[in-house]
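# Coordinate inspection notes
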Amino acid sequence: MYLLTIATKLFHFLPEEISHRLALNGLKVLHSVGLLNLFLQKGSNAQHICNKPNDVRTYENKLGIAAGLDKDGEYIDCLSSLGIGFIEVGTVTPKPQYGNTKPRLFRNRKDKSLLNRLGFNNNGVESLVENLKERKSAIPIGVSIGKNFDTPNEQAYKDYLFCMEKVYEYSNYIAINISSPNTKELRDLSSKEFFKDLLFKIKEKQNLLSKFLDYVPIFIKVSPDENQKAIEEICNCIIDYKIDGIITSNTTIEHNDRNGYGGLSGLPLRDKATDNLIFIKKIVGDRIPIIASGGVMSASDYQDKIIAGADLVQIYTGFIFEGPKLIQDILKIKSS
């Protein structure tokens, strides 16, 4: 574990996207040759126990990886060996896309934050499905889906339905990402003009697919920048249309980061994301599960999300800064 921690810190001196790829490829190589467990603490084997794989509330291990870390499902097996309970891959779109121009990912070591304006860069949903078919790990998988940048919002539902149909058979839950700030006008899909119609079509598609395949729950990922009135309306629509759960929250654009526009994650997002979690929990109660993310940088941050009402908790930026040690720290408090 000590060596992995040192490696994590060293990668911070490389350009962000390069270090991201090198770190994940390094984990993949260590896992493929059977050496990864030698670098982990004893007792850090993967924990994937869930009584009903498609019911997230039955996950014994409530710690997961958020979407964005493994966009195309290339690292599922090596990440699963770190001791997490589930992985959300994506966000994927129907067609492959490059995303926004570089540089588009920035690390702030002092604030322990990441600013990204990646723009759903991914190899397309077909590539993800091939990786899901080939994975060896039994860890529960959520798939985050989005629309291509050149699909107008009036036609966006077609992109979501296309991706749903492709990934449904291989997912334990599907996350509808309409809250990324890095695809132009994507967040407008949560407005009255589009939201209800989108939910109706998604639910209709889910019901159709469930006639032939196991039922796969649908989660809506909510922006942390919505005001409380909008959040309440979004939550009530989710309940009314019998959508299965909520993920709170995505990155925030309410910041003054020196690198300019984009979604900010990490420590500066922590309190805002937790406040939104508390507010959403008051609205939905125990009717649907909530997956919480945003600023989980330590074991105590994980505990705070659970206390605030989260059924599951995701990490991303904390993992970038702390590496596998963060996972082990959280697992220690869970087993104590």
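Small disclaimer: the values here were computed from a predicted structure and weren't measured.

### Observations regarding the pairing of strand S3 (residues 105-108)
Taking every second residue as pointing to the same face, both faces of S3 are buried, with Leu105 and Arg107 on one and Phe106 and Asn108 on the other. Judged from the four bridges that link them, S3 and strand S4 (residues 113-116) form a sheet pairing that is antiparallel. The partner of Asn108 across the bridge, within S4, is Ser113. Remark: four residues form the turn of the hairpin made by S3 and S4, two consecutive strands paired antiparallel; Lys112 in that turn has positive phi of roughly 50°.

### As for unusual backbone geometry
Looking along the chain, the bond that leaves Lys102 and enters Pro103 is cis, with omega of 0°. Mapped onto the secondary structure, Pro103 falls in the loop between strand S2 (86-92) and S3. Phi is positive for Glu185, close to 65°, though the residue is something other than glycine. Looking at where Glu185 falls in the secondary structure, it is placed in the loop between strand S6 (173-177) and helix H7 (195-209). Note on Glu185: relative accessible area 47%, which makes it partly exposed. Not every positive phi belongs to a glycine, and Lys242 is a case in point at roughly 60°. Along the polypeptide, Lys242 turns up in the loop between helix H8 (228-240) and strand S8 (245-248).

### Remarks on the sheet that holds strand S10 (residues 290-292)
Taken in spatial order, the eight strands of this closed barrel run S1-S2-S5-S6-S7-S8-S10-S11, and their pairing is parallel. Strand after strand, the sheet turns through a mean of 25° between neighbouring axes, direction not considered. Note: S6 against strand S7 (residues 218-222), four bridges, orientation parallel. Its bridge partner lying in S7, Ile174 is registered against Ile218.

### Some words on the sheet that holds strand S9 (residues 263-266)
In a beta sheet, neighbouring strands are held together by backbone hydrogen bonds and run either parallel or antiparallel to one another. Read from one edge of the open sheet, three strands run S3-S4-S9, paired in antiparallel fashion. The outermost strands of the open sheet, each flanked by one partner alone, are S3 and S9. Going across the sheet, the axis of each strand differs from the next one's by a mean of 20°, ignoring polarity.

Rules behind the numbers
Residues numbered from 1 in each chain as written. Predicted model: local features only at pLDDT ≥ 70, side-chain atom pairs only at ≥ 80, totals over all residues. Heavy atoms only, no water. Buried < 20%, exposed > 50% of the residue type's maximum accessible area, 1.4 Å probe, protein only. Helix = DSSP H or I, 4+ residues; strand = E, 2+ residues; numbered from the N terminus. Pairing = 2+ DSSP bridges. Axes fitted to C-alpha atoms, helices over the stretch in contact; angles between N-to-C directions.

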